[in-house]
Amino acid sequence: MESVKRRTLASQVIEQIIGLLMNGQLKAGDKLPSEMELMDMMYVSRPVLREALSSLETLGVIHRKTKEGTFFSNKVGSEPYRIMLALSVGDIDTIIETRLSQELGLVSLAAEKMSELELKRLEETIEIMEAADGDYSETDREFHRIIAHSASNSITEGIIDPLLNMYDKTLENIALVDRNKSKTLQQHKDIYQALRNRDPIEAHASMYRHLDHARNRLIRPITKKENTEREDE
């Protein structure tokens with residue numbers, strides 16, 4: 001009962017600390033009050049407070065600096081999303097739909113915001129993929145990462161890396177011989193050209209065609225496997 005009570009109190013403390021951000025008392029990057037001040041503010045013991053702070057640190061909401069104190073993070077990190085996505089392992093439809101919803105918006109923003117340097121880096125990933133002999137998954141992921149980060153949005157930056165990592169795990173269901181490299185390359189080139197032309201509508205359409213193609217490639221072998229397993233029963 002004592003353990004349950006402490007966890008419940010720690011959850012309440014987490015909500016109160018987050019409340020400091022929500023009500024504007026503190027903002028991202030600000031230093032939190034000392035442990036003693038927080039204990040007095042929230043009427044909790046040191047063990048309860050430290051349990052709450054440890055949870056927030058694990059989630060990347062706060063970070064501690066030796067001899068300086070505890071600070072709110074400057075922007076959203078990837079850890080909360082990584083944990084959330086871990087709960088969806090195996091739910092391929094949900095992962096694909098999440099990627100679609102994120103990247104279609106991001107590529108539209110990228111058409112407006114992408115710098116010349118980022119466009120150059122994007123072009124280089126296409127050249128590397130074209131020259132690759134074998135698995136080009138990492139370069140493919142870098143292509144999408146550059147687009148996502150060029151949107152210059154700290155919230156979406158936090159989700160894109162764990163989302164792409166999770167998606168790559170699902171790609172393990174597709175043998176390299178079943179991947180259409182030439183089609184994937186052409187789709188990347190189409191996306192790049194739309195971004196080069198600063199055309200958000202065509203960038204959106206090109207990204208949709210690419211991700212829909214990837215979705216079909218991913219679902220087809222899984223459906224085939226499930227049908228085979230049912231036939232064997």
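Residues numbered from 1 in each chain as written. Predicted model: local features only at pLDDT ≥ 70, side-chain atom pairs only at ≥ 80, totals over all residues. Heavy atoms only, no water.

Positionally, S150 belongs in helix α7 (residues 137-150). One polar contact links the side chain of S150 to the main-chain carbonyl oxygen of I147, over a distance of 2.7 Å. Residues in contact with S150, not counting those within four places in the same chain, are A110, K113, M114 and E118. (Helix = DSSP H or I, 4+ residues; strand = E, 2+ residues; numbered from the N terminus. Polar contact = N/O pair within 3.5 Å; in protein donor to acceptor, adjacent residues only side chain to side chain. Contact = heavy atoms within 4.5 Å.)

Before going further, it helps to spend a moment on the pairing of strand β2 (residues 69-72). Across 4 bridges, the pairing between strand β1 (residues 62-65) and β2 is antiparallel. Within β2, the residue paired with I62 across the bridge is F72. As consecutive antiparallel partners, β1 and β2 are separated by 3 residues, and within that stretch K67 has a phi angle of approximately 70°, a positive value. (Pairing = 2+ DSSP bridges.)

Attention now moves to the nonpolar core. Counting 31 residues, the largest nonpolar core has V107, M114, L122, I147, I191, L195 and M207 as its most contacted members. Of all the secondary structure elements, the ones that give two or more residues to this core are α5 (92-113), α6 (116-131), α7, α8 (154-171), α9 (181-196) and α10 (200-232). Contact partners of M114, with chain neighbours within four places excluded, come to L119, L122, I146, I147, S150, L195 and R198. L26, L32, L49 and A52 belong to the second-largest nonpolar core, a separate cluster that totals 17 residues. (Core = buried A, V, L, I, M, F, W, Y, C linked by side-chain atoms within 4.5 Å. Buried < 20%, exposed > 50% of the residue type's maximum accessible area, 1.4 Å probe, protein only.)

This part covers the packing of aromatic side chains. This structure, assessed with the given rule, holds 0 aromatic pairs. When the ring centre of F71 is taken as reference, the NZ or CZ atom of K65 above it lies at 4.6 Å. (Phe/Tyr/Trp six-rings, centres within 6.5 Å; stacked < 30°, edge-to-face > 60°. Lys NZ or Arg CZ within 6 Å of the ring centre and 35° of its normal.)

All right, on to the packing of α6 against α7 then. Contact pair α6 / α7: the axes reach a minimum separation of 9 Å and the direction vectors enclose 165°. The orientation of α6 relative to α7 falls into the category roughly antiparallel. When you trace α6 past α7, the crossing you get is left-handed. Contacts between α6 and α7 involve E118, R121, L122, T125, I126, I128 and M129 from the first element and T139, D140, E142, F143, I146, I147 and S150 from the second. Residues belonging to the contact of α6 with α7 are distributed by class as follows: 7 nonpolar, 3 polar and 4 charged. (Axes fitted to C-alpha atoms, helices over the stretch in contact; angles between N-to-C directions. Parallel < 35°, antiparallel > 145°, perpendicular 65-115°, else oblique. Left-handed = near helix turned anticlockwise from the far one by under 90°. Nonpolar A, V, L, I, M, F, W, Y, C, P; charged D, E, K, R; others polar.)

With that out of the way, let us pick up the environment of D140. If you trace the backbone, D140 turns up in helix α7. Here the alpha-carbon distance between D140 and T125, two residues 15 residues apart in the chain, equals 7.4 Å.

All right, on to the pattern of salt bridges then. What the rule picks out here adds up to 15 salt bridges. In this structure, E57 engages R64 in a salt bridge whose closest nitrogen and oxygen atoms are separated by 3.2 Å. Residue classification places E57 among the partly exposed positions, given a relative accessible area of 34%. For R64, a relative accessible area of 32% gives the class partly exposed. A salt bridge links E116 to R198; the shortest N-O distance between them is 3.6 Å. Here E116 is found in helix α6, whereas its partner R198 is found in the loop between α9 and α10, with 82 residues between them in sequence. Salt bridges here are not isolated pairs; linked through shared partners, they connect R121, E138, R141, E142, R145 and D161. (Salt bridge = Lys/Arg side-chain N within 4 Å of Asp/Glu carboxyl O.)

Here we come to the packing of α5 against α7. With their axes 7 Å apart at the nearest point, α5 and α7 run at an angle of 65° to one another. You can see that α5 and α7 cross each other, and the crossing is left-handed. Contacts between α5 and α7 involve R99, E103, L106, V107, A110 and K113 from the first element and H144, I147, A148 and S150 from the second. Class assignment of the residues belonging to the contact of α5 with α7 gives a composition of 5 nonpolar, 2 polar and 3 charged.

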